[in-house]
Amino acid sequence: MHGIVLIVVLVMVGGIIAFIGDRLGSKVGKKKMTLFGLRPRHTSIIVTIVTGIAITTMTFGILAVTSKDVRTALFGMEKLQQKIRITQDNLNDADNNLQSARQEQQQMQFSLGKTRNALNEAETQTEKLKQYQGQLLADNNRLEGQNDTLEGQNSYLTATNGDLQKYNNELMGSNSLLQDQNDNLLKRNGDLSSKRIIYQAGELIFGGVIPATTDWSVAQESMSKLIALANTRILGKAEYSASRQNGLWINPTEYEDALSKICSSDKDMVVRFIAASNLVKDEPIRSNIELYPDRNVYSNGEMITNGEFVTDGTQAMAQQILLNFLHDINTIASANGVLPDPLRGSIGVISMNQLYDVTDAMVGIKGKILLTAYSRGDTNILGPLRLIIKVEKINED
């Protein structure tokens, strides 16, 4: 703001002086005044020059009076430049000293870091040594305790060694008795191995259907009839004497529970007697009871499944295709509810004559054939599923 005011003042003063000089020069020229005997024209030139000098002098004078910076620029520039050079030199020296100080500081920080790392490592080693020392002391105490324990055990073992020697003599005395018992067990095991297994564990012994009833006595009578039929089959298979009447043994609790379920159901119940373990001749026939609500799965002549196969006309291929088809029938019938044999998993029954007829029908045919299985007679969940299989050749266009 101060500089703007100064400029405005200088412009106004310069304009006033120029105006005065112009007016003065005009008057001198009009009046044809002379100065120092010079001609009026020359006098006018001198007046103009003096006016310009006055303007410049007054300008510098006003600047010098009103501004310290102008005075410094006019009269103290060399000192100012000298001070600037000295200040710049001092600043450079300060920068150099600062850089040196920073380098020294970095070196000191690096040395300090190394010292701290060394100190931390020393502290870590010291801590490890303390822990190792404590562990050694603990191990030493433990070994001392074990030494005392071993000394006590040694005394005990020495004391019991005589007892063990005495007991060993007793064992040797009873060894002959154990040998005799072992010989007896081997003899009994040989007798058992020589017996023929009548039923394997999990094998179906017999099965039948008990009509729906809520009368306990009626259900018990129906169950007794099934047990009697099962005993007849068991006696025939095991070749028991005719005097033996009770071939099948059922847990009484399981028997009572089965009767309770039959009386509480409103449907006919399929009853199956399953061998509880491997049963040999001359031993009780232990069995478990399985109950299932009865229903008709397939009607007479109902199609069970069919499938397309490719044959080469050989008997081996025909037999393999038939086995695969029977396996498919078994899986489908089981999924639909027919109970499979618990030991073998089989369901369907096909006569040997029909088996040969189906195989012979496929022999000689090359290409695609269609096998269709039908139910022969009504089939409930107890089964077995009796089959009728038809073979058809598929003509390919």
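What counts, and at which threshold
Residues numbered from 1 in each chain as written. Predicted model: local features only at pLDDT ≥ 70, side-chain atom pairs only at ≥ 80, totals over all residues. Heavy atoms only, no water. Helix = DSSP H or I, 4+ residues; strand = E, 2+ residues; numbered from the N terminus. Buried < 20%, exposed > 50% of the residue type's maximum accessible area, 1.4 Å probe, protein only. Contact = heavy atoms within 4.5 Å. Areas by Shrake-Rupley, 256 points an atom, 1.4 Å probe, with all protein chains shown as cover. Phe/Tyr/Trp six-rings, centres within 6.5 Å; stacked < 30°, edge-to-face > 60°. Lys NZ or Arg CZ within 6 Å of the ring centre and 35° of its normal. Salt bridge = Lys/Arg side-chain N within 4 Å of Asp/Glu carboxyl O. Patch = residues over 30% accessible without salt bridge, like charges linked within 9 Å, V, L, I, M, F, W, Y side chains within 5 Å. Expected span 1.5 Å × (residues − 1). Arc of directions from axis to C-beta. Polar contact = N/O pair within 3.5 Å; in protein donor to acceptor, adjacent residues only side chain to side chain. Axes fitted to C-alpha atoms, helices over the stretch in contact; angles between N-to-C directions. Parallel < 35°, antiparallel > 145°, perpendicular 65-115°, else oblique. Left-handed = near helix turned anticlockwise from the far one by under 90°. Nonpolar A, V, L, I, M, F, W, Y, C, P; charged D, E, K, R; others polar.

A separate point is the overall build of the protein. On a plain count of helices and strands, the protein comes out with eight helices and twelve strands. Here the protein holds 397 residues, and the buried ones make up 24% of them. Put simply, 72% of the contacts in the protein that link residues at least 6 apart link residues at least 24 apart. By element, 55% of the accessible surface of the protein is carried by carbon and sulfur atoms, the whole surface being about 27,400 Å².

This brings us to the packing of aromatic side chains. What the rule picks out here adds up to one aromatic pair. Ring centres of Phe309 and Phe325 lie 5.9 Å apart, and the angle between their planes is 80 degrees; this geometry places the pair in the edge-to-face category. You can see Phe309 sitting in strand β8 (residues 303-312) and its partner Phe325 sitting in helix α7 (residues 315-336), a full 16 residues away along the chain. Both residues of the pair, Phe309 and Phe325, count as buried. The ring of Tyr374 has Lys390 lying over it, and the distance from NZ or CZ to the ring centre is 5.3 Å.

Moving on, we get to the pattern of salt bridges. Scanning the model with the defined rule gives three salt bridges in all. Between Asp257 and Lys261 there is a salt bridge; the shortest N-O distance is 3.5 Å. Of this pair, Asp257 and Lys261 are both found in helix α6 (residues 252-264), four residues apart, which corresponds to roughly one turn of the helix. The class for Asp257 is partly exposed, based on a relative accessible area of 39%. Residue classification places Lys261 among the partly exposed positions, given a relative accessible area of 43%. A salt bridge links Glu290 to Arg272, with the shortest nitrogen-to-oxygen separation between them at 3.2 Å. Of this pair, Glu290 sits in strand β6 (residues 285-293) while Arg272 sits in strand β4 (residues 269-275), and the two are 18 residues apart along the sequence. Since its relative accessible area comes to 23%, Glu290 is described here as partly exposed.

Here we come to a nonpolar patch on the surface. A cluster of nonpolar side chains, namely Ile16, Phe19 and Ile20, defines an oily patch on the protein surface of about 320 Å² accessible area. Assignment of secondary structure puts Ile16 in helix α1 (residues 2-31). On the basis of relative accessible area, Ile16 is assigned to the partly exposed category, the value being 48%.

This next bit is on α6. The end-to-end C-alpha separation of α6 is 18 Å, in line with the 18 Å expected for 13 residues at 1.5 Å each. Inspection of α6 places Tyr255, Ala258, Leu259, Ile262 and Cys263 among the buried residues, and these make up the whole buried set. Projection of α6 onto a plane perpendicular to its axis shows the buried side chains occupying an angular sector of 130 degrees, all on one side. In this structure, α6 carries Thr253 and Ser264 as exposed residues pointing more than 90 degrees from its buried face. If you check the start of α6, you find a side-chain oxygen 2.8 Å away from the backbone N of Thr253, and it comes from Asn251.

Along the polypeptide, Asn380 turns up in strand β11 (residues 379-380). Overall, Asn380 belongs to the buried group, its relative accessible area being 19%. Here the side chain of Asn380 touches Asp294 through a polar contact of 3.3 Å, side chain to side chain. Each residue touching Asn380, except ones within four places of it in the same chain, is listed here: Val209, Asp294, Arg295, Asn296, Val297 and Val338.

What follows concerns the packing of α7 against helix α8 (residues 352-362). Look at α7 against α8: their axes get within 9 Å of each other, and the N-to-C directions meet at 125 degrees. Put simply, α7 runs oblique to α8. Of the two possible hands of crossing, α7 and α8 adopt the one that is right-handed. Between α7, through Gln315, Ala318, Gln319, Ile321 and Leu322, and α8, the contact on the second element is made entirely by Leu355, Val358, Thr359 and Met362. Classifying every residue of the contact of α7 with α8 by side-chain character gives six nonpolar, three polar and no charged.

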